[in-house]
Amino acid sequence: MVSIVVGGHYGDEGKGKIVSYLAKKDDPAYIARAGVGPNAGHTVYLDGKKYGLRMITCGFSNPEAKLLIGPGVLVDIPRFLNELEMTDTADRVLLDSRCAIIEAEHKEDDLSANSKKIGTTGSGCGPANAARVNRVIRLARDFPEVKKFMADVPQVVNDAIDAGEKVLIEGTQGFGLSLYYGNYPFVTSKDTSASTAAADVGIGPTRIEEVHVIYKAYMSRVGEDPFIKYLAEDEVNASPMWTRMLEAADDAGFEGTVNEKIASHLGEIGTVTGRPRKIGSFDFELARYSAKINGATNICITCLDKLFPECAGAKSYDKLSEDALEHIRAIEEKIGVKAKLISTGPDVADIVDIRDGS
Ligand code: GTP
Ligand code: IMP
Ligand code: MG
């Protein structure tokens, strides 16, 4: 049984939270990090502690699972080693020997005028992927400091699948940031859809059973993208929900544009960049399209509590308010896929899981 988790909007949808939940609940034997590389910042709150992870999968929340990094993923070695220590997982992490390694020159090149225009995370991912395509990058196998973690990750996961084990794959970024499907050039350096996540760890399309596409209850975007319609004053004034939120932001003394005030109120600050994220209303059309291209078998809605605070910490469907349910139904109807996981807070335990039909 292979399940993939990917983002359906512009990244930061809460994939980390959902992966850490599925890792505990479904108990996969192997959990693999796919995606671009350390440009992703995944956040997990586990047993009262906050983890910001950019290399190790958020599935570390399951203490028995083997944690893998697939050959498609770019690796920042100091960060990798630091996260091994932070999560105390050195005895159960395997790194594919063909992962491409980000070095200082790639980070320097990520400060170029073009990187600034796109608003990259500055983590060196774009230049490293370019060097990989130009066949001038060094691979993990060239670095003695990671030798003891070396493995053939595709072989390991395919053997696990053959043996009937569960495998969970963690994608990064979001569909709107895909090199293929996003608003080029305001995109990341690789496709971010489920098919590429599977290829990143070496799993063929016929072996994937579940694709969870994650959406925030509203939209956030870090970095530049002039093609997005962000929340502006007229839209805020026309909506009692956003107006209430702006009032709360004013009461709290937040400053800036209407969008910045609401972002501050929602706590939307980039995990990797520390920049305030820009906010938008739920983009139904992008969501519908991304569910389709990703082959979604399930959609997950996160941060429901931020739009509907009365739902904070809810763990069953009957604890969700009528307003919140109306929002969920509108999303399900427009996308045409049921939301079986609904996240109601940052902690791994704050979730409504109706996958068993209850
Ligand atoms: P990228 O790969 O960088 O796109 O990251 P991601 O999808 O893992 O999301 P990230 O952790 O960067 O951002 C999501 C933020 O929302 C984090 O701060 C999470 O702790 C938080 N979060 C996730 N789910 C919920 C939720 O249901 N409610 C609340 N209040 N916060 C949530
Ligand atoms: P890069 O991936 O660092 O080259 O950045 C390219 C674009 O994708 C920029 O707009 C970034 O802000 C955005 N981006 C890259 N990774 C993430 C992520 O994990 N979450 C949100 N945005 C991201
Ligand atoms: Mg993030």
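Computed from a predicted structure; not experimentally measured. (Residues numbered from 1 in each chain as written. Chains lettered and ligands numbered in written order. Predicted model: local features only at pLDDT ≥ 70, side-chain atom pairs only at ≥ 80, totals over all residues. Heavy atoms only, no water.)

### Some words on the site of ligand 1
Filter applied, for reference: Residue proximity to a molecule or strand is established when one non-hydrogen atom of the residue lies within 4 Å of it. As used in this structure description, the phrase polar contact means that two N or O atoms lie within 3.5 Å; if the pair is within protein, one of them must be able to donate a hydrogen and the other to accept it, and residues adjacent in sequence are counted only when both atoms belong to side chains. Every accessible area reported is derived by Shrake-Rupley at a probe size of 1.4 Å, with residue values counting cover from the shown protein chains alone. For helices the rule is a DSSP run of H or I covering at least 4 residues; for strands it is a run of E covering at least 2, with both sets numbered from the N terminus onward. In this classification, Asp, Glu, Lys and Arg are treated as charged, Ala, Val, Leu, Ile, Met, Phe, Trp, Tyr, Cys and Pro as nonpolar, and every other residue, Gly included, as polar.
Contacts to ligand 1 come from 24 residues, most closely from D12, G41, H42, D305 and S343. One nitrogen or oxygen atom from the side chain of S343 is found 2.5 Å from an oxygen atom belonging to ligand 1. In isolation ligand 1 exposes 660 Å². Once the protein is present, 92% of that is buried. Looking at the shell around ligand 1, the elements with two or more residues in it are α1 (15–25), β3 (42–46) and α12 (304–307). For the shell around ligand 1, a count of residues per class yields 4 nonpolar, 13 polar and 7 charged.

### Comments concerning the coordination of the magnesium ion (ligand 3)
Heads up, the condition is: Counted as donors are the N, O and S atoms within 2.8 Å of the metal, or 3.2 Å for Na, K and Ca, while water is not among the atoms, so some sites may look incomplete. When accessible area is computed with a 1.4 Å probe and restricted to protein chains, residues below 20% of their type maximum are described as buried, those above 50% as exposed, and intermediate ones as partly exposed.
Donor atoms from the polypeptide that coordinate the magnesium ion (ligand 3) comprise D12 (OD) and G41 (O), at 2.0 to 2.3 Å from the metal. Here G41 lies in the loop between β2 (30–33) and β3 and D12 lies in the loop between β1 (2–7) and α1, a separation of 29 residues in the sequence. A residue is classified by how much of its surface remains accessible, and D12, at 23% relative accessible area, is partly exposed.

### Topic: the nonpolar core
Filter applied, for reference: Here, the term nonpolar core denotes a set of buried Ala, Val, Leu, Ile, Met, Phe, Trp, Tyr and Cys residues that are joined through side-chain atoms within 4.5 Å. A contact between two residues is defined here by any heavy atoms of the two lying within 4.5 Å.
Ranked by internal contacts, the top residues of the largest apolar core, which has 57 residues, are V167, I169, W242, I262, L304 and L320. Per-element accounting of this core gives the leading share, 5 residues, to helix α13 (residues 322–335). For V167, the residues in contact, after removing those within four places along its chain, are M1, V2, S3, P28, Y30, V157, A160, I161 and I203. Within the second largest apolar cluster, 37 residues are counted, among which are Y51, I101, A140 and F149.

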